[in-house]
Amino acid sequence: MVEETKLGVENLIYPIFLVNGVNIKTEVSSLPGNYRWSIDLLVKEVEECIKLGIYTFDIFPAVEENLKDKHASYSYVEDNFYLNAIRKLKEIFPEIVIMSDVAMDPYSSDGHDGLVIDGEILNDETLPILGKMSLAQAQAGVDIIGPSDMMDGRVGFIRGILDKEGFTDTSIMSYSAKYASAFYGPFRDALNSAPKSGDKKTYQMNPANKKEALIEALLDSKEGADFLMVKPALCYLDVIHLLKDNFNTPITAYNVSGECAMVYAAAEKGWLNYEMAMSEMLLSIRRAGADGILTYFAKDFAKMMKK
Ligand code: PBG
């Protein structure tokens, strides 16, 4: 009765890595317990998750190098393996919610979220590519478009295209305050998507800045974002709290790969109790103000709750 914060499986979104092919389940070495799945095996995994009460999935493609190019053009090829997988999942499990990732990096030969010309990431030239990617995802059945690229103006741009094409009910969860963080390492291993040169500091935020998060969130909100996300979560609990206090849209947080990897590693060494550490971490993110949390812990947390 007096507990102020409630945390349940319904607050969690499960990030999952998809790979082209059949009968593939490869563990991500820096993120033990997480795999790159081919769609045939992913179907079984999703079924298991649904039984545990997980209904919302964020799916990320690990794209073969030979399909990557400067313009990330594979991202909007209508029958690419990612879009096909989404169609299949929505057909088999109409009750699930699928969130996508919109950014060029998994498909880009430069490994950047935007278009790189002469060593520079070009903001405005990236928008049409993100627009095509978003539309292709909406057409495949994605419920929540997740722009993680941090280009300025992309939420409004994507919203415009979706609305014009009749996808007025497809929502946008914008990575609003996404910091240039050291904690994305295992994710980039999973997708082999690290930048080939330079870093992401010209578009992702400086970890020193908090007021800037308000500016980013305000812009995204005005452009039509349905959810505002803070990423990473743990080092940025103050930012989650700030956005929760200042906006009436749902606030979400991404408990990123490096944050989960720290707990996996310490638990493996016997230095931390896995279930206690992960629940405390997730609870703190909820307490800071996140309505939803994207976390690799989702399945283990759901299993623990069942117990
Ligand atoms: C792609 C993207 C990244 C993550 C989500 N979408 C990596 C990055 O920006 O370099 C990181 C997620 C995680 O670390 O779990 N733009």
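Here goes a summary of the coordinates provided. Here the structure is a predicted model, which is why all the values come from computation and not from measurement.

Around the ligand, 18 residues are found, and the nearest of them are K178, K200, K231, S257 and Y296. For the ligand, an oxygen atom lies 2.7 Å from a polar atom in the side chain of R188. For the ligand, an oxygen atom lies 3.0 Å from a polar atom in the side chain of Q204. Alone, the ligand offers 400 Å² of accessible surface; in the complex the protein occludes 100% of this. The class makeup of the residues in the shell around the ligand is eight nonpolar, three polar and seven charged.

Most of strand 11 (residues 251-255) sits inside the fold, with five of its five residues counted as buried. With three bridges joining them, strand 10 (residues 227-231) and strand 11 adopt parallel strand pairing. Bridge assignment links M229 to a residue of strand 11, and that residue is T252. With four bridges connecting them, strand 11 and strand 12 (residues 292-295) associate as parallel partners. Within the sheet, the bridge partner assigned to Y254 lies in strand 12 and is L294.

Quick look at helix 4 (residues 154-164) now. Those residues of helix 4 lying buried are R154, V155, I158, R159 and L162. Buried residues along helix 4 cover an arc of 130 degrees about the axis, so they all sit on one side. The inward-facing, buried residues of helix 4 contact helix 3 (123-140), strand 8 (144-145), strand 9 (171-178) and helix 6 (211-223). G166 lies just past helix 4 and shows a positive phi near 95 degrees.

With that settled, the discussion passes to the environment of E216. Take E216: it is sitting in helix 6. The sequence separation of E216 and A177 amounts to 39 residues, and the corresponding C-alpha distance is 6.4 Å.

Further remarks concern the side chain of S257. Here S257 lies in helix 8 (residues 257-268). From its side chain, S257 meets the backbone oxygen of F183 in a polar contact 3.3 Å long. The residues contacting S257, other than those within four sequence positions of it, are L31, F183, Y184, G185, P186, F187 and Y296.

The rules behind each value
Residues numbered from 1 in each chain as written. Predicted model: local features only at pLDDT ≥ 70, side-chain atom pairs only at ≥ 80, totals over all residues. Heavy atoms only, no water. Near = heavy atom within 4 Å. Polar contact = N/O pair within 3.5 Å; in protein donor to acceptor, adjacent residues only side chain to side chain. Areas by Shrake-Rupley, 256 points an atom, 1.4 Å probe, with all protein chains shown as cover. Nonpolar A, V, L, I, M, F, W, Y, C, P; charged D, E, K, R; others polar. Buried < 20%, exposed > 50% of the residue type's maximum accessible area, 1.4 Å probe, protein only. Helix = DSSP H or I, 4+ residues; strand = E, 2+ residues; numbered from the N terminus. Pairing = 2+ DSSP bridges. Arc of directions from axis to C-beta. Contact = heavy atoms within 4.5 Å.

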